[in-house]
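# Understanding the architecture of this molecule
The chain contents come next:
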Amino acid sequence: MFIQTEATPNPATLKFLPGRVVMPEGTFDAQDEAAAEASPLASRLMSMPEISGVYLGHDFISVTKREGEWQHLKPAVLGAIMEHFLSGAPTVTAGALLGEDPDEEFFDPADAETVENIKELIETRVRPAVAGDGGDITFRGYKDGVVYLNMRGACSGCPSSTATLKHGIQNLLRHFLPEIREVEAVQA
């Protein structure tokens, strides 16, 4: 098994590409050991004291470190990923919550058309680009011209995430939807 690695804009996060599907559908985000329990892979990675977060995408694993240098941590992370896939264990246990709960979204029903346009732009133009960097951005809400987005994986805590939000996503949404005033990041 050959696992490729890619740097991300977040220096604390490294993207691992195992050359196979990690999550057939949905995503999985673990920012602590308790959240990681629903995934044997995330749990294995989070058991390392230097690791602070694991994000599982369709064909990648983003691992965030709290301390240490990647040159020293990378071999252990590669080993844990390889052991997991060779074990045949599932990536996520049956019944584990994948992705976001759509009930957590908030917006005025009168803004439903605007929200649908926002979601379409995020799905078609933003998420594919962000996934390439080992992260994800999902819609959380819309109120008074402000779009609220949740940043996960490599995007969460990334030094350039503010620039991505304000100069990239905000400008894109304003271009297509002039009623958008601002874009803000929120925690899930």
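Presented here is a report on the structure given in the accompanying data block.

Procedures and definitions
- Residues numbered from 1 in each chain as written.
- Predicted model: local features only at pLDDT ≥ 70, side-chain atom pairs only at ≥ 80, totals over all residues.
- Heavy atoms only, no water.
- Salt bridge = Lys/Arg side-chain N within 4 Å of Asp/Glu carboxyl O.
- Helix = DSSP H or I, 4+ residues; strand = E, 2+ residues; numbered from the N terminus.
- Pairing = 2+ DSSP bridges.
- Axes fitted to C-alpha atoms, helices over the stretch in contact; angles between N-to-C directions.

### Structural notes on the pattern of salt bridges
One pass over the full model with this rule turns up six salt bridges. In this structure, the salt-bridge partner of lysine 15 is glutamate 6, at a minimum N-O distance of 3.7 Å. The partner of arginine 127 in a salt bridge is glutamate 123, and the shortest N-O contact between them spans 2.7 Å. Taken together, the residues span about one helical turn, with arginine 127 and glutamate 123 both in helix α4 (residues 112-131) at a distance of four residues. The structure contains a network of salt bridges with shared partners spanning Glu123, Arg127, Asp136 and Arg152.

### Remarks on the sheet that holds strand β3 (residues 28-30)
What the five strands build is an open sheet, ordered β1-β2-β5-β4-β3; its pairing is antiparallel. Edge positions in the sheet fall to β1 (4-7) and β3, since each of these pairs with one other strand and no more. Adjacent strand axes in the sheet meet at a mean angle of 20°, parallel and antiparallel pairs treated alike. Here four bridges tie β1 to strand β2 (residues 13-17), and the two strands are oriented antiparallel to one another. Residue alanine 7 lies in a different strand from β2, and its bridge partner there is leucine 14.

### Remarks on the sheet that holds strand β9 (residues 182-186)
Spatial ordering of the open sheet is given by β6-β7-β8-β9, a layout of four strands whose pairing is mixed. Looking at strand neighbours, the two that pair on one side only are β6 (106-107) and β9, the edges of this open sheet. Sheet analysis places strand β8 (residues 146-153) next to β9, joined by five bridges and oriented parallel. Each bridged residue has a counterpart across the sheet, and for valine 146 the counterpart in β9 is glutamate 182.

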